[in-house]
Amino acid sequence: MKITHKKIYMASLVLLVLSGCKKFDDSVTVDPNNPTKAGTQLIANAELFLPGLSSSPYGVHYPQYLSNTSFTDNSRYVTINFNFASLYYGPLINLETVINSTTLDANEGAVVNQIAVAKILKAYFFWHMTDRWGDIPYSEALKGNGSFTPKYDKQQAIYNNLFTLLDEANAAIVSGTIKNDIIYNGDVNKWKRLGNTIHALMALRLSKVDPVKGSAEFNKAVANGMMTDNADNLTFQHLSNATNENYWYNSFTVLGRNWFAVSKPVVDYMQPLNDPRLSVYANKNTAGNYVGLDYGLPGSVTVVINNYSLLGSNLRLQNSPVALVTYAQSLFAMAEAAKLTWIGGGDAVAKTNYDKAIEYSIRQWKNNDVTGLAAYMANADVAYDAANGFKKIGNQRWIHLFLHGYEGWAEWRRTGFPNFLSPAPNNNGAQIPRREGYPTQERSLNSANYNAAVAAFPYLPGADDLNTRVWWDKP
Amino acid sequence: MNRKSLLILLGILTCYIVSYAQTTIKGKVTDDNKVGLPGVSVLLKGTTTGTSTNGDGTYSITIPSNTGVLVFKSIGFASQEAAVGSRTEINVQLISDAENLSEVVVTALGIKRSQKSIGYATQQVNGDNLTLTKEQNVIGSLAGKVAGVQVTGSSGASMGGTQKIKIRGVNAIDGSGQPLMVIDGTPTSQDNFSGNANGVDYGNVSQDINPEDIESVNVLKGPAASALYGIRGQYGVILITTKKGAKGPKNVSVSVNSAFSIEKVGNFLPLQNIYGVGNNQTFLTLTNGQKYINGNDESWGPVMDGTPVRMYYSFYPQDPQFGQLTPFVPQPDNIKDFYETGYNLNNGVSLTGGNENMNYRMGYTNAYINGTYPNTWLKRNNLNLSASLDVTKKLTVGANVNYANNSGQRPTQGYQGSFTGASQWFQRNLDINRLRDYKYADGTILNWNVNPNTTTGIITNNRPSDWNNPFFDAYESLNNDKRDRLFGDVNASYQILPELKVSGFVRSDMYTQSITHKEGLGGRLVDGYQVGKYQNTENNYEFLGQYNKNFNDLSVNINVGANLYTLDYSGQYQATVGGLSSPGWYSAAASVDRPVSVSEIRKKQIKSIYAMGSFGYKDIYFLDASIRNDVSSALPENNNSYWYPSVSGSFLFSELTKWKALSFGKLRASFAVAGSDLKVYQTVNTFGAGSSYNASTGAINTILVPDKLKNPFIKPSFANSFEIGLDLKFLKNRIGAEVTYYSQRNKDQILDLSVSGASGYDKYVINAGLIENKGVELSLTGRPIQSKLFTWDATFNFARNKNKIIELYPGIPVLQNDVANYSSQNIYLNSTEGQSFGNLIGPGYKIDAATGKVLLGTDYMPLFDTAKDFGSVLPQFTGGLQNTFKIGNFTLAAMIDFQKGGQFFSWSKMLSAKSGQAAETAAINDKGFNVRDPLASGGGVKINGISQATGQEVTAYVDARTYYRTNLGTRIYDEWIYSASYIKLREVSLGYTFEGKILAKTPFKAAKFAVIARNPVMIWQKAPKGLDPSELSSGSADISWIEKGELQTVRSFGVNLSLTF
């Protein structure tokens, strides 16, 4: 037997030699299908995710911009858990890769500018996310195999980190352009102003919970230079092709679904004031009138679509742009900051900014057509008055933020304006949401951190649902 | 020198006994019908002196003396012995013995071994057992025939759709792991171009093996059997041997086979026929006051009482019934009537022959299926050629070539885009025949899922929101596929010494697959065209040295080999975006926007060497040992070489006992290591291509970080397996039993681990985990009745497997295998440490802990939990029972297979309730009222539970629509998850064999006629009517756990005629 084994061994040895070494040719081992080098193209890919932060069939219902004509579950808050994962492994990992890259190519624009733009976008995405979910993974997130179970950071810490991130970007930017920029065609000065505007809007979010910090950060942003014109707006320009088309175009025209009408609260607020923007926001019904659809009807009610105002046709063209952070928004912020005495000038400065905000909102929505502006401003319900300053700013901002549901909802949660929204009727007592639930995947994939986060909610510990408030939404 | 003398020479050479008085014996071996039997082995007992019979059954053997005993053995016959004595002519009639498991079995690398010498479990199925009822896919015809093999089939309507096979449970934590298919020694691809449960099921490419060409299938169940396949053998191996001609005196025979069957759909979900379309029971009205039906896809509407209404077609000015009212009445058969009666035609011819120094076989089969889904068909041609030629006495060359050509036009299945969704969302009042002429003369498509303008009474937007006219889908939305496949080998072997042979093989498996989809203009999607072309070539260059020698009582068999495996794949895919620039121009060039264009190349090599030694002592004790080394290019370069050993032994204790009833008894045990590696390019991270944005300043081509993080430290995964078994045969082999216990531990599994997306990645390629399978397999064979007129043969297979996930990844005790989402509710297929593989986790009843009853909210509707555990998708046991009765010339064969347990989720059943179509949504409650009647007048669904608010038990009546649509049909999955337990009569064949005088008057040597039925009856199933738990496989997903609208069950009945000239 021993001899036999020896024979096998010898034979194996011979064959091992015959079969060659353990090397393989590169043509076999190297992946020929994918790129190995990227810089600003990663930023461009992250930018493709921007319109999704606004064009959502969920967010658009919370501040009641749109009502469902059929399949009304979304407007009745049926969905509790929302997935944030795709924002991390979508845009954020691209941006993080750029921020940490040591191989960025200066031929695509100054390396510091590439990194600064990535930081501004990172801050913007995270800001959106923490406002929806509250405490989320931040400091241990985006580390790949460095941590597959990142802890959840407190929203306060995330805000502080994002302020720092925006400061770094502001300080780093040098003159020049970057390549492959879908938003500003590489104009880094616009990026700089955007970063500071985001900084200011974030600071204002702290008005209820930490006005001291809010004021300080707000003033820093103002000093660093915010948006100066609608041309500075963060707008995603959709294109007339299927790959880059507007979400609402896809829903109405590609899928043929007339599922979204402008809500009754919006139409009923705008119509008596002859708001010039109503003709953009809403179509007339077949009888030729603007009629808003009751918000959040139960599914058993049959809605005759012809009787209501569907979402305005120009907002759902294939290439209709999506506005995300706007000059008018920054003017409303200035007005409110003045009213809050975070900046000087009191009601006078508040009024100046408020008036200008409405003008630039109309310019934005109506392509610089300001017909009817003066008459509109003359309405008693529109004209600024110090006693109702916060309310008027709040209501006008709500109108201005039309279709950008998540932002309108955040401002409603913070300010309580508009104060005439009622939750969907006959819905087992469900209230308008104040937060979105964590993705259900986290319960199994990141359970310890998930449980710790839920247990440490700031105001209503232990309930991962739609009613828990985020940190800045102090009751 | 002729072949006979060559055999004699070989006999002499291999005999180490000095011969002094040689005797030559001649004779003829015949079967029960006194027909000469070729290929019978004739051995001088206790020696290796032997020969085999020629084509006519004659033999000649020269033996050293006349004191010996000759042993005659042939597969399927009882062995006989004859003392030589003074005779020089010995004629023998062998008695057929179906119970006698084939003495010779094909083992790894195509090495033929005697059954008794094998120390591990293999199970063989003969070819005629696979073609009983003309099942298209060979995997499907294995169902129930091999203990420990679980086959998950698909509906016959998919025409060769995916058939999944798992040997000994799930051995890969991610649920993947298909056995390697080896045909005449050539490993073949098992690719599958289907998507998951939605879409077109093209089937696994193993369907290119023509069942008619198969001599036998041998299943190597555990790593001990498959260890010689090393890195490719972890999940078992299916060895297929094709039919061959016989060497000997010149012989030629021609066989013709023809089968025809018709195919009928059946097994529909029970639906209600009282209420029609709508969200509530009030009719909608047009401005002119007429009642009308809109394009809603729910049946919660008014009673279908014949009220005159404007139907969808009355809103098309092109329609003869434009503007007219028609009665609102139920259409009970509106789903069934969509389907057609299909047929299946299968014709084959084969030529088998040989002469002194060569053998050959040529087979051609043509199959055509006209599907039950309108406008679907499949054509298939199979050509098989095998030949072997003795060039010289020592050099033999041969070739096996198989060519298959498929083209099909197949149905879409699943949730949307097909009529398989009709039981999910539809109107009970739609007359399917009214939709049949789907296009008006001016090109306008007739749609039901659209709404009229209530003032003009005309459809203004003719784009359906969710559902096309099903006939539009069938005739304008076409899925075509075509594949040319060539596989086989050329080989040469040289007999250096009588005991030493070397062989070389060049093996290849290559195919070109093309898939197209045309989306016509006028449906809910923009028109478009998709085209993919995929080429795959797998080659194996193989060397094998075989040494056989007997040293007195010791037999030695040593094999050494080396193999180089190469994979070369390329794929091209293009799809139009944004529509076609000219209707009907189906070309990528017609794309309105920039078309999608993807190309992919994959290359892989594995270098292997291996050796195996088997030793027998006195034909009683046997010991095998093998070792293999694999070097894979898919592994990290510095860590790509791994060894796979195995050892097994068997002991024929029956040789030592005197108990006459026991004709065969073997105890066997084995231990082995097998493995598997990973797909190519998984060890180095790259970027990926994102979509393109055409800015005014020029195109921006975005690049992204892929969602999957790769791993440069990956190792192959290993399976350690131990098994022990007992094979027994009694009463001259009339009763047989094989029982095996096994335990297999698969460690370092290569997984795409789902990780928290907050890490920046969705998945991470890892080595992790340990999954264990323990189980018992039992195979019983018997001939309870044996007489001249009537015999009854039965085979019973049974396997029980227990699966446990012992460990996963540190910090992540749960692996998310799969997820499905509907109405914002997620259901997960999760594998959790400490539990068995694959539990379904989803929303369901919130239960009161104290009473176990359902908790109810303030409106008495059931409350729900989002993460309830509904149990494992794995079956507890599987098996089959095969009976063959022979009465005179009639043969009746029936195949039953069964499965216990294994959970699955039925999307169809859930949605049929949600949409108000299911029968239970219009049931009569205990007060005698329809549940849809108003609560105030006695209607409503009776519900009992614990009020969450008060903690008290309550019984209440609740609104049927809210109950089924908003609650049960949305988030109470307890109601829609079922056990897949079933007992199914899968195949029945009643045949008549013509013989004797009738045959003598014809030119035929043999003739057989049979009536066949495939899938005739589901004898019992635990899941509700309308679902088929044995046909859950509907795509390439590793585990079939969700039914999203499977193709309708098909039952086929036909006839089969075989003739041999």
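Residues numbered from 1 in each chain as written. Chains lettered and ligands numbered in written order. Predicted model: local features only at pLDDT ≥ 70, side-chain atom pairs only at ≥ 80, totals over all residues.

The name an unreviewed UniProt entry gives chain B is SusC/RagA family TonB-linked outer membrane protein, with Pedobacter punctiformis as the organism. Here is the UniProt Subcellular location (unreviewed entry) comment for chain B, exactly as written: "Cell outer membrane". What the UniProt record of chain B gives under Sequence similarities (unreviewed entry) is the line "Belongs to the TonB-dependent receptor family." (UniProt positions renumbered as here; feature names shortened; annotations may be inferred.)

Under an unreviewed UniProt entry, the name given to chain A is SusD/RagB family nutrient-binding outer membrane lipoprotein, and the source organism is Pedobacter punctiformis.

Colleague: Please clarify how the interface of chain B and chain A should be interpreted in this entry.
Modeller: It is common to give the size of an interface as the accessible area that goes away when the parts come together. Taken together, the contacts link 79 residues of chain B with 76 residues of chain A. Sorting the residues of the side of chain B that touches chain A by element identifies β31 (554-580), β32 (591-617), β36 (688-695), β37 (698-704), β43 (814-822), β44 (825-832) and β47 (864-872) of chain B as the ones contributing at least two each. No other element matches β32 of chain B, which puts eleven residues into the side of chain B that touches chain A. Class assignment for the residues of the side of chain B that touches chain A results in 30 nonpolar, 36 polar and 13 charged. (Contact = placed C-beta atoms within 7 Å. Helix = DSSP H or I, 4+ residues; strand = E, 2+ residues; numbered from the N terminus. Nonpolar A, V, L, I, M, F, W, Y, C, P; charged D, E, K, R; others polar.)

Colleague: Is there a simple way to explain the sheet that holds strand β52 (residues 953-958) of chain B in this structure?
Modeller: Strand pairing in a sheet takes place through backbone hydrogen bonds and is either antiparallel or parallel in direction. All names here are of chain B. Judged by pairing direction, the sheet is mixed, and its three strands sit side by side in the order β46-β51-β52 without closing on themselves. Both edges of this open sheet fall to β46 (855-856) and β52, since each of them pairs with a single strand only. Pairing between β46 and strand β51 (residues 941-947): two bridges, direction parallel. Bridge pairing links Leu855 to Ile946 in β51. (Pairing = 2+ DSSP bridges.)

Colleague: Hey, could you run me through the nonpolar core in this one?
Modeller: Side chains of a nonpolar character, in soluble globular proteins, are inclined to be buried together. Formed by 249 residues in total, the largest nonpolar core has its most connected members in Tyr88, Ile120 and Ile198 of chain A together with Phe905 of chain B. Take this core: its biggest share by element is 13 residues, from helix α5 (residues 111-133) of chain A. For Phe905 of chain B, the contacting residues outside a window of four places in its chain are Ile827, Leu840, Tyr973, Trp976, Ile977, Trp1041, Ile1042 and Glu1043 of chain B. Counting residues in each nonpolar core, the second largest holds 60 residues, with Ala562, Ile606, Ile609 and Ala611 of chain B among its members. (Core = buried A, V, L, I, M, F, W, Y, C linked by C-beta atoms within 7 Å. Buried ≥ 20, exposed ≤ 12 C-beta atoms within 10 Å, placed from the backbone.)

Colleague: Where do I start with the sheet that holds strand β17 (residues 237-242) of chain B in this structure?
Modeller: Residues and elements named next belong to chain B. One open sheet holds the five strands; their spatial order is β10-β16-β17-β13-β14, and the pairing between them is mixed. Of all the strands in the sheet, the pair left with one neighbour each is β10 (122-126) and β14 (186-188). The mean inter-strand angle of the sheet, taken between neighbouring strand axes irrespective of direction, is 25°. As paired strands, strand β16 (residues 214-220) and β17 are joined by six bridges and run antiparallel to one another. For Val217, the partnering residue across the bridge sits in β17 and is Ile240. (Axes fitted to C-alpha atoms, helices over the stretch in contact; angles between N-to-C directions.)

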